[in-house]
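Residues per chain, in single letters:
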Amino acid sequence: MVLKGGTSLRKFRAGNAGRFSTDLDFAAPDADTGEFLLDSLDGAEIHGVRFRVVQRSALRGRLEIDTPLGRPDVPARVEISPRALWLPVELRGPVPLPVHRGYEFPVPEVPVPALSEALAEKLAAWRRRRKMRDLYDLSGSVKAFSTSFSFGGCSYSRSGMTSLSTDSVWDRSIRT
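A brief look at the structure comes next. Because the structure is a prediction, the values reported are computed rather than measured.

Let us look at the layout of surface pockets. A volume near 1600 Å³ is recorded for the largest pocket. If you go around the largest pocket, you meet 36 residues; those closest to its centre are Lys11, Leu24, Phe51, Tyr103 and Phe105. Considering only residue class, the lining of the largest pocket consists of 25 nonpolar, 8 polar and 3 charged.

Right, let's talk about the sheet that holds strand E1 (residues 2–4) for a bit. Two pairing modes exist for strands in a sheet, parallel and antiparallel, and in both the strands are linked by backbone hydrogen bonds. Spatially, the 6 strands line up as an open sheet ordered E1-E2-E6-E5-E4-E3, and their pairing is mixed. Here the strands that pair on one side only, and so sit at the sheet edges, are E1 and strand E3 (45–46). Note: strand E5 (residues 60–66) against strand E6 (residues 76–81), 4 bridges, orientation antiparallel. If you follow Arg62 over to E6, its bridge partner there is Arg77. Against the sheet, helix H2 (residues 31–41) makes contact with strand E2 (24–27), strand E4 (49–57), E5 and E6, and its axis sits at roughly 135° relative to E4, the strand it touches most.

A few words on the environment of Arg56. Here Arg56 is to be found in strand E4. On the basis of relative accessible area, Arg56 is assigned to the partly exposed category, the value being 31%. In sequence terms Arg56 and Arg77 are 21 residues apart; their C-alpha atoms lie 9.8 Å from each other. Discounting chain neighbours no more than four positions away, the residues touching Arg56 are Glu35, Leu38, Asp39 and Gly61.

Before going further, it helps to spend a moment on the environment of Gly61. With respect to the helices, strands and loops of the structure, Gly61 is situated in strand E5. Classification of Gly61 by relative accessible area gives buried; the value is 8%. A sequence separation of 23 residues divides Gly61 from Leu38, and the C-alpha atoms of the two residues are 8.2 Å apart. Apart from the residues within four sequence positions on either side, Gly61 is in contact with Val53, Val54, Gln55, Arg56, Arg77 and Val78.

Turning to the pairing of E5, a few remarks are in order. Across 6 bridges, E4 lies against E5 in antiparallel orientation. Among the inter-strand pairings, Ser57 is bridged to a residue of E5, identified as Arg60. Adjacent in sequence and paired antiparallel, E4 and E5 are bridged by 2 residues, among which Ala58 carries a positive phi angle near 50°.

Rules used in this analysis
- Residues numbered from 1 in each chain as written.
- Predicted model: local features only at pLDDT ≥ 70, side-chain atom pairs only at ≥ 80, totals over all residues.
- Heavy atoms only, no water.
- 1 Å grid on protein atoms, 1.4 Å probe; cavity = no way out; pocket = protein on both sides within 12 Å on 5 of 7 lines; lining within 4 Å.
- Points joined across faces, edges and corners; volume = space filled by probe spheres on them.
- Nonpolar A, V, L, I, M, F, W, Y, C, P; charged D, E, K, R; others polar.
- Pairing = 2+ DSSP bridges.
- Helix = DSSP H or I, 4+ residues; strand = E, 2+ residues; numbered from the N terminus.
- Contact = heavy atoms within 4.5 Å.
- Axes fitted to C-alpha atoms, helices over the stretch in contact; angles between N-to-C directions.
- Buried < 20%, exposed > 50% of the residue type's maximum accessible area, 1.4 Å probe, protein only.

Just distances and angles here, no functional claims.
Okay, structure coming up:
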């Protein structure tokens, strides 16, 4: 199970420079694993925070959260893609933020996509649905149509993005 999408980019790559996203997008090796995740989230409780998955259909649903301070009115959703990622995943801790010092628990490392795959997927998502949030997730550090860019303290080039199996995602993202 791999956390991907805008939340993954913000929490594990960009920190406060990224777009705030309330969605949780995951890649699972198959549909059964995705269903298991939704079943596990529905009714889960940690540190007094309770989760419910409502309006569930296939491998997606809306996430309701109850806290000791009440229920936030946040349109959170969970969506699971039942396919493994192409590149090896990375185990990463979140970008350190001052708020983490106040947590009553250690912040764990989480499996996230390789940066080149995460960025290529964002470009492909923008190409498919034309949502500005996809370009915004890339903005600031990434110039979506340039030949090279920096993101998360690393430099990337078009040739690097097209290496390995990301080239088909890159081609679907850029070519018309």
